[in-house]
Each structure stands twice: as C-alpha cells, then as structure tokens.
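Coordinates in review
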Amino acid sequence: MRRLLLALAGALALAGCGEPAREWPAPSPALWEVSGRNGEKAWLFGTIHALPNGVEWRTRAFERAFARSDLLMVEIGDLGDSGAAARAFKDFATTQGMPALSARAAPADRPAVGALMDRAGMDDADFWDTETWAAALILANAVRESESGNGVDRDLLDDGKPVEALETFAAQFDRFDRLSESDQRRFLAAVAREAGREDAEAQAEAWLTGDLDALERRIERELNAQPALRQALLTERNAYFAARVAETMEKRRAPFVAVGAGHMLGPGGLPAQLAERGYSVRRVQ
C-alpha cells in the first residue's frame, strides 16, 4: 500500500511530457479577464500540472493579470502535502476482495491495460484491494513522463499570494469513488488507451500556445464515451467553481483562478459559465 500511495502524487494532473529535446514556441497560454457590472474583476487561467524542465510559460499578459489579483484560487491549496493526499486516498481507494485488475477490464481492453501495468512495473498483486478508479490513477501517474513538481499550479502557489482552495483531496477522490464499477472500468480502459499514445509533447505545446481546439479534441477523445465521468469531473465541478468565483467577486475580491485547462473548455467551461451569469468575459491571451 505504501508503494501505491507514494505513486499517487499528481494523479489528477493534466500530464505534461519529459525533458525538452526541442525548441518550444513562444508562450501564450490561454488567459481570460472577467469583469462585473460594478467593477468586479477576476482572471481565469487554465493550468497544466506538469511541464518539461526549462519550458518558459510566463508572459507579460500573465504577469500583469497576476499582479492585479489579490487572491489565488486553485483546485487544491496543499499540493505539497503528500501525507494529506495519501490519507485521503487510503480512505476512499481500498476495498477488500477485489478481482484481479487485469480481469476487470473488458476482453478487448485487456491488452492495453496489461501493457500499462507492464510499463508501470506493477501487476495484479499490487491492486488486490485497490478500487478500479484508484488503480487507474496510480497507473497513469506511474507512467507519466514528467514530474508534477514542474507544474504551473505549484509555481503559482510558490509566489506567496493568499490562496483559497476550491476543493480538498477528499472531495476529489470522492467523485471518483461514487462512479459505478462499470464506469470505473471504462475509465481504466480509457487511461490505458491514452497511455499508449505518443502525443505528450503535442499536448504540452497546445497548452503553451493557447490552442484550445487541440485541448478540447483531447478532452473529447478521453470523455466522449464516458458521460458519467464527464459529469463527475467536469460538469459538476465547473458549475461549483463558477459559483465560488462569482461569490468571491461579489465580496470585492479580485481572484486569479488557476485550475486545470480542461475546466476552461467548451460551452460548459468556466469562461462560458461566468458569461451566462452576466459577467463580461474577454480572452486576453
């Protein structure tokens, strides 16, 4: 169990890629300014939770917006507290007498799941009491190609601005834990298929250049056939995040909202939801 919990760090990340072996384009990650009728302000910034070492992403537009804000709103405020993450994970992730993980996947998905376990250096014995969603997160994290310490959200937290967390580790794990077993198995299969793709650099470049269409295609590829997972991870959370941001603005705070880039995309994303609430939302980068 200790081995699995240590492998967890950053498992909810929008993963990046490994050491830079190329020249990266000039940065322009997507950034929005939100304005209220009475002068309220907020900024929305979709993050990526792991980047190659040495990739520069800060821009003048980002620095201006961040300096004007008086509060940093993030998904998890204590990302560095691995002990808190491990305790919350253990509370939700284990059930005695689980079937072999390789047998939980549908027959057509078993080769991909087996290949993912091989890449991670794990086997069925590592998951005998681990729920399917938790096994998927552990495996995804074990084979990711960069360290979560290179994440944008961690960089922002180190800047010393007052922080307000939108969620806790427990709240995030609870959303996975409430998925049906069949949805958890579909999630495991999707993780295994994504791990076999060789497009990590393309994903990082799409984020770095603010290519929302490319990011949205990836989200659609991952979640199109998984409505329950989309509902749990994006739809419900986006509505909650939008309400929290609006409440904070009404208190005359000026938050810089930095959450995973997936929360900014499409008609259900934070920019669209805040626009529906009557705010003026303008993309500034």
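Preceding block: the structure.
Figured I'd write up the structure that's included with this text. Computed from a predicted structure; not experimentally measured.

**Some remarks on the overall build of the protein**
- Helix and strand counts for the protein stand at 13 helices and 6 strands.
- The burial tally for the protein puts 52% of its 285 residues in the buried class.
- Sequence separation of 24 or more characterises 83% of the internal contacts of the protein that already satisfy a separation of 6 or more.
- Taken as a whole, the protein presents about 12,700 Å² of accessible surface, with 49% of it coming from carbon and sulfur.

**Quick notes on empty space enclosed by the protein**
- Going through the model one piece at a time under the given rule, you end up with 1 cavity of 30 Å³ or more.
- Ala30, Trp32, Gly46, Trp207, Gly210, Leu212, Leu215, Ala261 and Met264 are the residues that line the largest cavity.
- Classifying every residue of the lining of the largest cavity gives 7 nonpolar, 2 polar and no charged.

**Here's the deal with the sheet that holds strand β2 (residues 41-47)**
- Read across the open sheet, the 6 strands follow the order β4-β3-β5-β2-β1-β6; overall the sheet is mixed. The sheet is open, and its two edges are formed by β4 (163-165) and β6 (280-283), each paired on a single side. Adjacent strand axes in the sheet meet at a mean angle of 20°, parallel and antiparallel pairs treated alike.
- Pairing geometry for strand β3 (residues 71-74) and β4, over 3 bridges, is parallel. Bridge pairing in β4 places Val74 opposite Ala165.

**What to know about the side chain of Thr248**
- Residue position: Thr248 is located in helix α12 (residues 227-250).
- The class of Thr248 is buried, set by a relative accessible area of 6%.
- A distance of 2.8 Å separates the side chain of Thr248 from the backbone oxygen of Arg244, its partner in a polar contact.
- Apart from the residues lying within four places of it in its own chain, the contact partners of Thr248 are Leu71, Met73, Glu164, Arg253 and Pro255.

Definitions and limits used
- Residues numbered from 1 in each chain as written.
- Predicted model: local features only at pLDDT ≥ 70, side-chain atom pairs only at ≥ 80, totals over all residues.
- Heavy atoms only, no water.
- Helix = DSSP H or I, 4+ residues; strand = E, 2+ residues; numbered from the N terminus.
- Buried < 20%, exposed > 50% of the residue type's maximum accessible area, 1.4 Å probe, protein only.
- Contact = heavy atoms within 4.5 Å.
- Areas by Shrake-Rupley, 256 points an atom, 1.4 Å probe, with all protein chains shown as cover.
- 1 Å grid on protein atoms, 1.4 Å probe; cavity = no way out; pocket = protein on both sides within 12 Å on 5 of 7 lines; lining within 4 Å.
- Points joined across faces, edges and corners; volume = space filled by probe spheres on them.
- Nonpolar A, V, L, I, M, F, W, Y, C, P; charged D, E, K, R; others polar.
- Pairing = 2+ DSSP bridges.
- Axes fitted to C-alpha atoms, helices over the stretch in contact; angles between N-to-C directions.
- Polar contact = N/O pair within 3.5 Å; in protein donor to acceptor, adjacent residues only side chain to side chain.

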